[in-house]
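Secondary and tertiary structure notes
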Amino acid sequence: VDIGCHLAGLHLSSCILNASGPRTNTEQQLLEIARSSAGAVCSKSATLEERSGNDQPRYTEIQLGDRTSSINSEGLPNKGFAAYTEASLLRRLRESAEPAGKPYILSISGLSLQENLRMLDLLLESGSVEHLSAVEVNVACPNVPGKPLVGYDFPQFEAVLKEISAHPVFTANPTLALGFKLPPYLDAPLFDAVAGMLNPLAKSKGGVLGYVVCCNTLGSALAVDVETETTVLHPKGGFGGLGGPVVRYLAMGNVSHFRSRLDESIHVVGCGGVCTGEDAFAHILCGATAVQVATQHRVEGPTCFYRIAEELKDLMRRPAGGKLVGASGGMPKIR
Ligand code: RRO
């Protein structure tokens, strides 16, 4: 059974890959993903300069049955843009990649449009760009104090989409894929509005947009400890981004809403609550071409990519035989 896929011109030997965020900060962590069964390696969202992130405690887990969800307020801790694009890291990733040629996706999350454009300038100038498969622009971090979420501020979002997709690094490197990691949306007019901004950037319209990820964590989640009568997390008044199985149905709704509205040449990557092969298949039925794993990767480690892939293959071998139809815009049948 082949669970590979073609995502925005890239070939992934498995449609299950890691999400930016958990276990993606250090070179060691990225190399472990390269050696794992993940279909691609995706870095922690980079800023121009290294950041240590918000104060501790900034992460908590929520257990419902045997499923683990999470709330985080990490605050964009990362090693800085240079660390994720330096030649030695890219060489070690290539040497460790199993199978060879596994795509490497650089996630960026500049604190301003100018910072994102500056990182793309540096990429254009560097020799690293030829060893990079995709740039995934995160417009959905809920946790940086004083920085409202770009994906919810439509005038700002539209400027970001236009300027980033017009950057010469993409025209100079036609195989370099561009993706955007979106926040979750909750209302049909918002899906219409965002799809209306994304569709003009499609490759079929002469643009460079290859994919979107649906979705980042759901912001403004609040966990409280009833013993101490305090918030569980410290930064930003205790609020953080909710991820994992508790948001899976919302993520799948976002996948389906975007799949039905976006140009066929813009792929949708599902992200939210994927713990099992069945969860991955459910995302694919909603229209996902590939799925990213975040909280479960953090909890289980990179062996999760092998387990989830094997579970998905077992599902595909059923007599009823699911087909991985996400790339062709598959929708679940309406009962
Ligand atoms: O680092 C974070 O606090 C963080 C980021 Br950049 C993000 O995009 N999503 C999230 O849940 N946490």
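These numbers come from a predicted model, not from an experiment.

**Considering the pairing of strand β16 (residues 290-293)**
Neither face of β16 is left uncovered, since the one carrying A290 and Q292 and the one carrying V291 and V293 both have all their residues buried. Taken together, the 3 bridges between strand β3 (residues 16-18) and β16 define a ladder with parallel strand orientation. Across the sheet, residue I16 finds its bridge partner in β16, namely V291. Handedness of the strand β15 (residues 267-271)-helix α9 (residues 277-285)-β16 crossover: right-handed.

**Things to note about the packing of aromatic side chains**
Per the counting criterion, the structure on display carries 5 aromatic pairs. Ring centres of Y152 and Y185 lie 5.7 Å apart, and the angle between their planes is 80 degrees; this geometry places the pair in the edge-to-face category. Within this pair, whereas Y152 is found in the loop between β8 (134-138) and α5 (154-165), its partner Y185 is found in the loop between β9 (177-182) and α7 (188-198), the two being separated by 33 residues in sequence. Ring centres of Y185 and F258 lie 6.0 Å apart, and the angle between their planes is 70 degrees; on these two criteria the pair is classed as edge-to-face. In this pair, Y185 is assigned in the loop between β9 and α7 and F258 in helix α8 (residues 248-261), connecting sequence segments 73 residues apart.

**Overview of helix α3 (residues 87-96)**
Looking at α3, one finds that the buried residues are L89, L90, L93 and S96. Within α3, the buried residues cover an arc of 130 degrees as seen down the axis, which keeps them to one side. Away from its buried face by more than 90 degrees, α3 exposes A87 and E95. Residues of α3 that are buried make contact with α1 (27-35), β4 (41-42), α2 (81-85) and β7 (104-108).

Basis of the calculations
- Counting restarts for each chain: residues are numbered from 1 in the order of the written sequence.
- Since the coordinates come from a predicted model, pLDDT governs what is reported: local features require at least 70, and pairs of side-chain atoms require 80 or more to be given and counted, while whole-chain, interface and lining totals use all residues.
- Water and hydrogen atoms were dropped before computing side-chain values, which therefore reflect all heavy atoms in the structure.
- Using a 1.4 Å probe on the protein chains alone, a residue whose accessible area is under 20% of its type maximum counts as buried, one over 50% counts as exposed, and one in between counts as partly exposed.
- To qualify as a helix, a DSSP run of H or I must reach at least 4 residues; to qualify as a strand, a run of E must reach at least 2; elements of each kind are numbered from the N terminus.
- Only strands joined by at least two bridges in the DSSP assignment are considered to pair.
- Handedness of a crossover is defined as follows: orient the strands so they point away from the viewer, and if the path from the first strand over the helix to the second runs clockwise, the crossover is right-handed.
- Working definition: rings of Phe, Tyr and Trp (its six-membered ring) pair if their centres are within 6.5 Å, and the pair is stacked with planes under 30 degrees apart, edge-to-face with planes over 60 apart, and tilted otherwise.
- To obtain the arc, one takes the directions from the helix axis to the C-beta atoms.
- Any two residues whose heavy atoms approach within 4.5 Å at even a single point are treated as in contact.

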